[in-house]
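Listed below are the residues making up each chain.
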Amino acid sequence: MYNQGAVEGAANIELGSRVFVYEVVGLRQGEETDQTNYPIRKSGSVFIRVPYNRMNQEMRRITRLGGTIVGIQPVTALQPVNGKASLGNATSEVSELATSGETANTEGNGKATPVNTHSETKGFAKPPAEEQLKNKDKKGNTMTQAKAKKDHGDVPVNTYRPNAPFIGKVISNEPLVKEDGIGIVQHLKFDLSGSDLKYLEGQSIGIIPPGVDKNGKPEKLRLYSIASTRHGDDVDDKTVSLCVRQLEYKHPETSETVYGVCSTHLCFLKPGEDVKITGPVGKEMLLPQDPEANVIMMATGTGIAPMRAYLWRQFKDAEKAANPEYEFKGLSWLIFGVPTTPNLLYKEELEEIQQKYPDNFRLTAAISREQKNPQGGRMYIQDRVAEHADELWQLIKNEKTHTYICGLRGMEEGIDAALTAAAAKEGVTWSVYQKEIKKAGRWHVETY
């Protein structure tokens with residue numbers, strides 16, 4: 001699925017001028033997509049380099065696009081990008097769902113720019129968003145690139161950047177939607193042989209599609225949640241997998257069907273074809289290292305991607321053999337919302353785990369077009385949460401419990417409403433309690 005993350009914008013640098021970097025969150029794509037009914041993801045952190053004489057103008061532009069400036073840092077003008085001074089445009093647009101303003105190097109597999117969160121990154125002005133957001137607790141912050149949790153230690157970030165992506169190859173591209181299901185969803189496995197790309201469960205990678213956009217500029221990257229464990233589907237540390245749905249929506253004016261550029265590119269790749277990969281990024285959705293932790297997972301559609309990675313790490317035999325130091329003993333509860341039974345992604349895998357580990361894994365499905373809620377309407381994930389609200393509330397109160405929400409943003413309100421009612425029975429205000437567990441790093445949200 002598409003994922004949130006720190007995505008850095010290029011800049012317009014004037015010779016001899018002072019230059020500043022704005023860290024911006026919440027940018028939307030643009031006015032055209034605001035008119036669509038399809039939920040378009042807002043960006044995570046974007047780093048925009050701005051000359052001093054354009055600071056006010058750029059602030060107004062960011063405000064118009066719904067963004068919030070969370071940090072401003074001075075930088076040295078003419079910092080090199082890929083060995084050359086950047087002459088990009090500080091007013092570059094945010095792309096389809098999540099973007100990089102960096103122009104992609106078509107050769108790829110150039111020397112990756114290493115990232116040290118305690119030093120400046122060449123060509124990008126400041127350290128990644130994880131470091132910059134330290135000690136900031138913004139209300140409603142649901143970005144992937146949030147403050148790193150203390151128990152995660154060193155997490156690989158941005159091993160490959162947009163100006164020097166790794167060129168991987170497609171190993172397999174398998175359909176996940178069964179016959180009579182809705183839409184196209186694919187499980188893609190990429191070969192990472194020869195790369196330095198390492199990642200953890202809950203992180204994302206960027207994909208740069210080929211071609212140019214409507215303005216004639218090279219396509220920008222899109223971010224996708226990783227659907228495999230750190231060892232890959234083959235448990236050989238040489239692959240990474242994605243779960244991708246082909247984006248499809250009606251144009252608001254012409255009613256023509258519009259297909260996502262990158263998602264369509266990925267869904268129809270053939271084994272052996274090349275793919276430009278960047279990243280990894282993200283620290284917000286990482287699993288706790290405590291094997292006795294409880295994990296509540298609420299997902300819709302391709303929001304299952306990081307959840308699959310969690311479950312493989314916890315329960316798959318080959319994965320467990322590769323991680324003798326990690327023996328999961330807690331409870332994993334997946335509440336999964338899909339439109340039809342054929343859209344239950346990874347159904348066989350989930351049922352196998354449920355059968356083999358009935359005391360440690362619980363699967364609750366919300367199949368909207370086949371099941372009814374108590375009011376007679378469609379059964380959505382928030383209805384399942386309401387159905388089990390008291391039990392979920394008791395579990396959430398446990399200090400060892402982590403909750404992960406991934407998928408469509410619309411489900412959050414219903415989930416909060418159900419847990420508000422459950423918490424109120426004990427005189428607890430859910431909104432206040434939720435802030436506390438967010439601060440404690442036990443409430444993880446990635447919605448779009």
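Calculation rules
- Residues numbered from 1 in each chain as written.
- Predicted model: local features only at pLDDT ≥ 70, side-chain atom pairs only at ≥ 80, totals over all residues.
- Heavy atoms only, no water.
- Disulfide = S-S within 2.5 Å.
- Pairing = 2+ DSSP bridges.
- Helix = DSSP H or I, 4+ residues; strand = E, 2+ residues; numbered from the N terminus.
- Expected span 1.5 Å × (residues − 1).
- Buried < 20%, exposed > 50% of the residue type's maximum accessible area, 1.4 Å probe, protein only.
- Axes fitted to C-alpha atoms, helices over the stretch in contact; angles between N-to-C directions.
- Parallel < 35°, antiparallel > 145°, perpendicular 65-115°, else oblique.
- Contact = heavy atoms within 4.5 Å.
- Nonpolar A, V, L, I, M, F, W, Y, C, P; charged D, E, K, R; others polar.
- Polar contact = N/O pair within 3.5 Å; in protein donor to acceptor, adjacent residues only side chain to side chain.
- Phe/Tyr/Trp six-rings, centres within 6.5 Å; stacked < 30°, edge-to-face > 60°.
- pLDDT = per-residue confidence, 0-100.

### Structural notes on the state of the cysteines
Enumeration according to the criterion identifies 0 disulfides in this entry. Here Cys 243 is not disulfide-linked; the sulfur of Cys 267 is the nearest cysteine sulfur, at 9.1 Å.

### Points about the pairing of strand S6 (residues 166–175)
Relative to strand S13 (residues 274–281), S6 is paired through 4 bridges, and the arrangement is antiparallel. Bridging from a neighbouring strand, Gly 168 pairs with Val 275 of S13.

### Considerations on helix H5 (residues 304–315)
Given a rise of 1.5 Å per residue, 12 residues ought to cover 16 Å, and the 16 Å separating the end C-alpha atoms of H5 matches this to within 8%. Most of H5 is tucked away, with 12 of its 12 residues classed as buried.

### So, the packing of helix H9 (residues 389–396) against helix H10 (residues 411–424)
Close contact between H9 and H10 brings their axes to 9 Å; oriented N to C, the two are set at 75°. Compared by their axis directions, H9 and H10 come out roughly perpendicular. Listed contacts from H10 to Ala 389, Asp 390, Leu 392, Trp 393 and Ile 396 of H9 are Ala 418, Leu 419, Ala 422 and Ala 423. A class-by-class count of the residues in the contact of H9 with H10 yields 8 nonpolar, no polar and 1 charged.

### Comments concerning the environment of Ser 225
The residue Ser 225 is located in strand S9 (residues 222–225) in this model. A relative accessible area of 2% means that Ser 225 is categorised as buried. Once the C-alpha coordinates of Ser 225 and Thr 302 are considered, the two residues, 77 residues apart in sequence, prove to be 8.9 Å apart. A distance of 2.8 Å separates the side chain of Ser 225 from the side chain of Glu 446, its partner in a polar contact.

### Focus: the packing of aromatic side chains
What the rule picks out here adds up to 9 aromatic pairs. Ring plane angle 70° and centroid distance 5.1 Å describe the contact between Trp 393 and Tyr 433, whose orientation is recorded as edge-to-face. Placement of Trp 393 in helix H9 and of Tyr 433 in helix H11 (residues 430–439) is noted, with a sequence separation of 40 residues between them. In this structure Trp 393 comes out as buried when scored by relative accessible area, which is 1%.

### Things to note about the confidence of the model for the chain
Mean pLDDT over the chain: 78, with 70% of residues reaching 70 or higher. Counting interchain partners and residues more than four positions distant, the pLDDT-below-50 stretch residues 3–17 has 74 contacts.

### Remarks on the sheet that holds strand S18 (residues 443–447)
Across the sheet, 5 strands lie side by side as S16-S15-S14-S17-S18; this open sheet has parallel pairing. Looking along the sheet, the strands with just one partner apiece sit at the ends: strand S16 (361–367) and S18. Within the sheet, the average angular offset between the axes of one strand and its neighbour, ignoring direction, is 10°. As paired elements, strand S17 (residues 401–407) and S18 share 5 bridges and run parallel to each other. By the bridge assignment, Cys 406 is partnered in S18 with Glu 446. Of the strands in this sheet, strand S15 (332–338) and S16 are in contact with helix H7 (residues 347–356), which crosses S16 at around 140°. On the sheet, H9 packs against strand S14 (294–300), S15, S16, S17 and S18 and is oriented at approximately 135° with respect to S14.

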